[in-house]
Amino acid sequence: MANTESTPQPTSKPSLPVVQNFTRRAAVKGAFATLGAGAFVAAVSPLRQAAKNTTAAEFMQQHYTELSPEQKADVIARLEAEAKEQYGADVQIADDRPIPGTKFVYAINLSVCNGNGKCVEACHKENNHDRDTNQSYIRVVEMPKGTMDMEKGSTTYTGTVPKDDKFYLPVQCQQCDEPPCVDVCPVKATWKEEDGIVVVDYNWCIGCRYCEAACPYHARRFNWKKPVVPAEEINPDQSYLSNRVRPVGVVEKCTYCLHRTRRGRLPACLEACPTGARVFGNILDKDSNIRWILENKRVYILKEELGTKPAFFYYFD
Amino acid sequence: MVGIVVWQQGHRAGERIEHPEDPLAARYAGAASPDAESSSAAQVSGEHEADSAELFSVLIRKPDGPPRVKLAGRDPQGRSPEAACSTCHSIRDPNFGNTTPATLDEFHQGLSVAHGNLACYACHNPQDADTLRLADGTAVAYQDVMTMCSQCHSQQAESFAHGAHGGMTGHWDLRRGPQMKINCIDCHDPHSPVYPKMVVGFKPKDRFNVPADDHHDHEGADSHGEH
């Protein structure tokens, strides 16, 4: 070896570079460096994927509450264009704000709800949920008589309803006045608005799912995959904080159909209910239906002991 | 098709000013109403005049009118004939001995009645077969059947008047549009008023619905392969 080093002979030099001094230490170093580089590439691959799916404008977008009216218009125009590009649907995304002097409250008559699930389906269609998973903001829990503990119920019941020994408890977001889901959000992507609706800025949510874990009513949903909705089934009547098609990897929830209710209309689940079990209204209006129910019926609050103060009531008659 | 008409305006009738437009035209979102523009403008700006003078109506769907009885066979033109109640009952004297269809010799024999112990003439008017009658004998048009139901079912009627019984569509906010409600017999067959059983159709496939033998933690696990 020493001889070759001292008298190099160009003619016999191999065409490929020979690793000189090829010790085991170097081999191990090299192997780990290669592994490290590979691991790094693998680790950042989601970022490369994200870069492909995320425009600079989307990445730079401010929190909803900090957007100026002009910025909001730009954001909405971009989202409408994205809906056209990705779903082939012409949608109108509004920015419905709370009606002053309004506090929305929902009530369900458990004496007449028969668990048929039309509300679940109506929510699915109205809110542009993923068609593959039949996603919906509402779960109807089939409950054994004699308890109000929703954890003892089942959502998998099928067939003819109502069954004699059961009652049916539809559960969706209770729009709590003390919402634990809002408290735990590390980036303030979810908050409570003046009319009581707890909303999510889907473009600010980082998908950590703390809120989903915090909600005692199991009311939040995570978009595990990009929602699939055929163009002809897309509900084009949308709102930024409500039923616009959500991106993958964010949390979503019932908004009391704010794209309808903030325009004076009834929520989709209520209109779909064939038993008339659902009542919706403004509790600040002393003549409202909802106010009469709270004053005259036997009213139950789900998991009242948790102190979440729901804007959602169950009643019996 | 059953027309939509104002049946009553709820307990706050005095406060609700019936909309001057034809209720059918004002139906849904109040598109044809004079203040539609202002309400849509208000929705954009988030402002609304709380004491806007005009309120839309609560419209309660009424039945068409007296039922028509389908007759067996076809007439020479191939139509299946229908007859008004009075076609037969105006020439027959009422037999108050028949309290259920079970004792009838002819007609109405297949009718199943499960409405308490009510006899036919508790609700049907023996003097005028094309109307109903109240407990005090006052005749009531079929269109106003809810007046009759409410005699016994006053609790439901009260709840109905306050939106706590019966389905509805349209608007919660009558400043912005009308509300449409259905009547008693849209859900309750007067002869057999128990609300019918239903079959569950739509089911979300959420994680609570995943079969117990499936240990996949992620619903979207399959889609990860695409990345």
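Basis of the calculations
- Residues numbered from 1 in each chain as written.
- Chains lettered and ligands numbered in written order.
- Predicted model: local features only at pLDDT ≥ 70, side-chain atom pairs only at ≥ 80, totals over all residues.
- Helix = DSSP H or I, 4+ residues; strand = E, 2+ residues; numbered from the N terminus.
- Buried ≥ 20, exposed ≤ 12 C-beta atoms within 10 Å, placed from the backbone.
- Contact = placed C-beta atoms within 7 Å.
- Nonpolar A, V, L, I, M, F, W, Y, C, P; charged D, E, K, R; others polar.
- Pairing = 2+ DSSP bridges.
- Domains from an automatic or database assignment.

K.L.:
Report on the environment of N98(B), specifying residues and quantitative values.
P.N.:
Residue and element names in this part refer to chain B. Looking at the secondary structure, you find N98 in the loop between α2 (85–89) and α3 (120–123). Here N98 falls in the partly exposed class, since 15 other C-beta atoms lie within 10 Å of it. It is 7.7 Å that separates the C-alpha atoms of N98 and C120, two residues lying 22 residues apart in sequence. Among all residues touching N98, those that are not within four sequence positions of it are T103, L104 and C120.

K.L.:
Could you give me a rundown of the interface of chain B and chain A, with the residues and numbers involved?
P.N.:
If you look at the interface, chain B gives 40 residues, while chain A gives 48 residues. When residues of the side of chain B that touches chain A are traced back to their parent elements, those giving at least two are β7 (168–170) and β9 (198–199) of chain B. Of the residues in the side of chain B that touches chain A, the class split is 11 nonpolar, 19 polar and 10 charged. Examined bridge by bridge, strand β4 (residues 160–161) of chain A and β9(B) share two bridges and lie antiparallel to one another. By the bridge assignment for β9(B), V161(A) is matched with M198(B).

K.L.:
Report on the pairing of strand β5 (residues 166–171) of chain A, specifying residues and quantitative values.
P.N.:
Residue and element names in this part refer to chain A. In terms of burial, β5 is a largely internal element, five of the six residues being buried. The sheet contact formed by strand β3 (residues 139–144) and β5 spans six bridges and is antiparallel. Residue pairing across strands places V141 opposite L169, the latter belonging to β5.

K.L.:
Before we move on, can you summarise the environment of F59(A) with the specific residues and values?
P.N.:
Residue and element names in this part refer to chain A. Looking at where F59 falls in the secondary structure, it is placed in helix α3 (residues 56–60). Looking at F59, the number of C-beta atoms within 10 Å reads 10, which means it is exposed. In sequence terms F59 and V248 are 189 residues apart; their C-alpha atoms lie 15 Å from each other.

K.L.:
Provide a residue-level description of the domain arrangement of chain A, including the pertinent values.
P.N.:
All names here are of chain A. Each assigned domain of chain A is listed here: domain 1 (56–92) and domain 2 (104–316). On a C-alpha basis, the centres of domain 1 and domain 2 stand 25 Å from each other. Each partner contributes to the interface: domain 1 provides 13 residues, whereas domain 2 provides 12 residues. Per-element accounting of the side of domain 1 that touches domain 2 gives the leading share, four residues, to helix α4 (residues 69–87). Broken down by class, the residue content of the side of domain 1 that touches domain 2 amounts to seven nonpolar, four polar and two charged.

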